[in-house]
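Chains, contacts and geometry: an overview
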Amino acid sequence: MSARQLPIILALGATQTLAWASSYYLPAILADPIARDLGVSSNWIFAAFSAALVISALLGPGIGRQIDLVGGRSVLSTSNLTIAGGLVLLGFATSIPVLAAAWLLLGIGMGYGLYDAAFGALGRIYGEAARGPITGITLIAGFASTVGWPLTALGLAHIGWRDTCFAWAAAHILIGLPINWLMLPPVAGAKAAVANAVKPHIPIDRPMILMAFTFATAWTVTGAMAAHFPRTLEAAGATPVTAIAAGALIGPAQVGARIVEAALLSRYHPLLSTRLACLTHPIGAAIVGLWGGGAASVFAVFHGAGNGVLTISRGTLPLAIFGPRNYAYRLGIIGAPARMAQAAAPLAFGLLIDEIGSRVLIVSSVLSLAAFVALLLLDGKRASE
C-alpha cells in the first residue's frame with residue numbers, strides 16, 4: 001500500500017464497513033424484534049436474508065462485468081441507493097410480502113456493494129497492484145460487526161428497530177453515497193467501452209473450478225460458524241458466557257491475521273496464505289476435540305485468523321492467477337457458488353448440530369481440508385501464463 005492509494009483505501013474501507021454493518025450483520029440483532037412486531041417466526045427473517053444472499057450471488061457476474069467496463073464508482077454508489085431503499089422499505093414492513101420486497105432490494109444492494117464489487121473496483125483502478133489496497137480495505141471493514149452490532153443494538157434500545165433501519169438508510173445517503181461518488185475515480189472512455197462491449201468468453205476451466213470449489217467450501221464454514229459459533233461451542237462443553245466471550249475474539253483475530261498477511265506474506269504468492277488459512281479452522285477444531293469447551297478461545301482465534309485471510313484471498317488469488325483482465329467479471333463467476341453456499345450453510349449446519357452436536361466440527365474441518373486439497377491442485381504459475 002502506498003500513500004497515493006491511502007485515500008481510496010480509507011474511503012472504501014469506510015463504505016464497506018457501512019455496507020456490511022447495515023445489511024449482512026443486521027439480522028443478528030433485528031431478526032427477533034422484527035418477527036415479534038410482524039407476528040411471525042424469526043425463521044421468516046432468516047429465510048428472507050438467505051434469499052437475499054442468493055440474489056446477490058446471481059447478480060455477481062453481471063455486476064462484475066459492469067465494473068470491468070465502467071469502474072466501481074457508479075456501481076458502489078448504486079449500492080448505497082439500493083441498500084438505503086431496502087432499509088426504508090424494511091422499516092415500513094407490516095407483512096411478509098413487504099418484508100420479502102425489502103430483502104429483495106437489500107440482496108440487490110449487497111450484490112452491488114459488498115467485497116466482490118469493492119475488490120473489482122480496486123482491480124479496475126490498480127490492476128496487478130491491487131493486492132495491497134484489497135488487504136487495506138479488509139483491515140478496516142473487518143470491524144464491521146464490531147461497529148455494526150453495537151450501533152444496531154443501541155438503536156434498537158433507544159429508537160426501535162424501524163427507526164434504526166431508517167438511520168442506517170440515512171447513513172448510506174449522507175455518508176456512503178458521497179464518499180463512493182467523490183472518492184472513486186471515473187473511468188475514461190466508459191461510454192465508448194459500454195457501446196462497443198462484447199461479452200467476454202471466460203472458460204470454466206480447471207483453475208476456475210478449483211478456485212470456485214475452494215471458496216464455496218470455505219464460505220460454507222464461514223456462514224455456518226457465523227450463525228452457530230456459540231451453539232457449537234456450548235455443544236462441546238463451553239458455558240454460554242465462555243462461548244460468547246470466545247466469539248468476541250474472532251474479529252480481532254481476523255484483523256490480526258490480515259496485518260500478518262500484509263506485513264509478512266504479501267511478498268509471496270497468495271496461494272501460500274490461502275493454503276495456510278484453510279488449515280487454521282481444522283487445527284482449532286482438533287484442539288476443541290482434545291480439550292473440549294475450555295479451548296473455545298483458542299478455536300476462535302484459529303478460526304478467525306483463517307477467515308480473515310480467506311476474505312483477502314477471495315480478491316487477491318484470482319488476480320494473481322488470472323490477472324486484471326475481466327477481473328471483476330471473473331470474481332462474480334467464482335464468487336457465485338460461495339455466496340449460495342453461505343446462504344444455505346446456517347440451515348444445514350443447524351440441522352446437523354441438532355443431530356450430532358459438537359461433532360459438526362468434523363464436517364466443517366473436512367470442508368476446510370477439501371478446500372486445502374483443491375488449492376494443492378492449483379498451480380499458480382501455470383495458470384497465470
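This text follows the structure it describes.
So, here's what we can say about the structure. As the structure is a prediction and not an experimental result, all values here were calculated from the model.

Each value, and the rule that gives it
- Residues numbered from 1 in each chain as written.
- Predicted model: local features only at pLDDT ≥ 70, side-chain atom pairs only at ≥ 80, totals over all residues.
- Heavy atoms only, no water.
- Helix = DSSP H or I, 4+ residues; strand = E, 2+ residues; numbered from the N terminus.
- Rg over C-alpha atoms; globule rule 2.2 N^0.38 Å.
- Buried < 20%, exposed > 50% of the residue type's maximum accessible area, 1.4 Å probe, protein only.
- Contact = heavy atoms within 4.5 Å.
- Areas by Shrake-Rupley, 256 points an atom, 1.4 Å probe, with all protein chains shown as cover.
- Lys, Arg positive; Asp, Glu negative; His and termini not counted.
- Charge placed at Lys NZ, Arg CZ, Asp CG, Glu CD.
- 1 Å grid on protein atoms, 1.4 Å probe; cavity = no way out; pocket = protein on both sides within 12 Å on 5 of 7 lines; lining within 4 Å.
- Points joined across faces, edges and corners; volume = space filled by probe spheres on them.
- Nonpolar A, V, L, I, M, F, W, Y, C, P; charged D, E, K, R; others polar.
- Expected span 1.5 Å × (residues − 1).
- Core = buried A, V, L, I, M, F, W, Y, C linked by side-chain atoms within 4.5 Å.
- Salt bridge = Lys/Arg side-chain N within 4 Å of Asp/Glu carboxyl O.
- Phe/Tyr/Trp six-rings, centres within 6.5 Å; stacked < 30°, edge-to-face > 60°.
- Patch = residues over 30% accessible without salt bridge, like charges linked within 9 Å, V, L, I, M, F, W, Y side chains within 5 Å.

When helices and strands are tallied, the protein shows 18 helices and zero strands. In terms of overall dimensions, the protein is globule-like: its C-alpha atoms have a radius of gyration of 20 Å, near the 21 Å expected for 385 residues. Taking the principal axes of its C-alpha atoms as reference, the protein extends roughly 60 × 50 × 35 Å. Within the span of the protein, comprising 385 residues, buried residues form 55% of the whole. Taking the contacts inside the protein whose residues are at least 6 apart along the sequence as the reference set, 82% of them involve residues at least 24 apart. A total accessible area of about 15800 Å² is found for the protein, and carbon and sulfur atoms account for 69% of it. Averaging the positions of the 21 positive and the 13 negative side-chain charges in the protein gives two centres separated by 10 Å.

Below, the discussion takes up empty space enclosed by the protein. Per the stated rule, a full pass over the model turns up three cavities of 30 Å³ or more. Surrounding the largest cavity, 13 residues form its lining, Ala218, Val221, His281, Leu310 and Ser368 being those nearest its centre. Of the residues contributing to the lining of the largest cavity, the split by class is six nonpolar, seven polar and no charged. Of the voids in this model, the second largest cavity is the one considered here, and its volume is about 70 Å³. Forming the boundary of the second largest cavity are Gly60, Ile63, Gly64, Ile67, Gly111, Asp116, Ala117, Gly120, Ala328, Gly332 and Arg339. Those elements giving two or more residues to the lining of the second largest cavity turn out to be α3 (42–70), α6 (115–126) and α16 (327–356). Examining the composition of the lining of the second largest cavity, we find that four residues originate from one element, α3, more than from any other.

The subject of this paragraph is helix α5 (residues 96–113). In this model, α5 (18 residues) spans 25 Å end to end at C-alpha, consistent with the 26 Å of a helix rising 1.5 Å per residue. Where α5 is concerned, the buried positions are Leu99, Ala102, Trp103, Leu106, Gly107, Gly109, Met110, Gly111, Tyr112 and Gly113. Looking at the buried side of α5, the elements it contacts are α1 (6–21), α2 (27–38), α3, α4 (72–91), α6 and α16.

This next bit is on the nonpolar core. Judged by nonpolar contacts, the single largest core of 59 residues is most densely connected at Ile34, Leu90, Trp103 and Leu122. In contact with Leu122, other than residues within four places in its own chain, are Ile8, Leu12, Gly127, Ala130, Pro133, Ile134 and Ile137. Grouped together as the second largest cluster of nonpolar side chains are 25 residues, Leu210, Met211, Phe372 and Leu375 included.

This next bit is on the pattern of salt bridges. Overall, the coordinates contain three salt bridges when judged by the stated rule. Where Arg314 meets Asp116, a salt bridge forms, and the shortest distance between an N and an O atom there is 3.1 Å. Note that Arg314 is positioned in helix α15 (residues 296–322) and Asp116 in helix α6, a separation of 198 residues in sequence. A salt bridge links Arg131 to Glu261; its shortest N-O distance comes to 2.6 Å. Of the two residues, Arg131 sits in helix α7 (residues 131–141) while Glu261 sits in helix α13 (residues 250–265), which places them 130 residues apart along the sequence. For Glu261, a relative accessible area of 1% translates into the label buried. When salt bridges with common partners are traced through the structure, they connect Asp116, Arg314 and Arg339 into a single cluster.

What follows concerns α2. In this model, α2 (twelve residues) spans only 14 Å end to end at C-alpha, well below the 16 Å of a helix rising 1.5 Å per residue. Listed as buried for α2 are Pro27, Leu30, Ala31, Pro33, Ile34, Ala35 and Leu38. As for α2, its buried residues are in contact with α3, α4, α5, α8 (144–158) and α9 (160–183). At the exit of α2 stands Gly39, carrying a positive phi of roughly 70°.

Each aromatic ring pair is characterised by the separation of its centres together with the angle its planes make. With the rule as written, the count across this model stands at ten aromatic pairs. Seen from their ring centres, Trp20 and Tyr115 are 5.0 Å apart, and the 50° between their planes marks the pair as tilted. Of this pair, Trp20 sits in helix α1 while Tyr115 sits in helix α6, placing them 95 residues apart in sequence. Taking relative accessible area as the criterion, Trp20 reaches 12% and is therefore assigned buried. With relative accessibility at 10%, the residue Tyr115 sits in the buried group.

So, on to a nonpolar patch on the surface. A surface patch of nonpolar side chains, about 400 Å² in accessible area, is lined by Leu81, Ile173, Leu174 and Ile175. Sorting elements by how many residues they give to the nonpolar patch places α9 first, with three residues. Mapped onto the secondary structure, Leu81 falls in helix α4. For Leu81, a relative accessible area of 48% translates into the label partly exposed.

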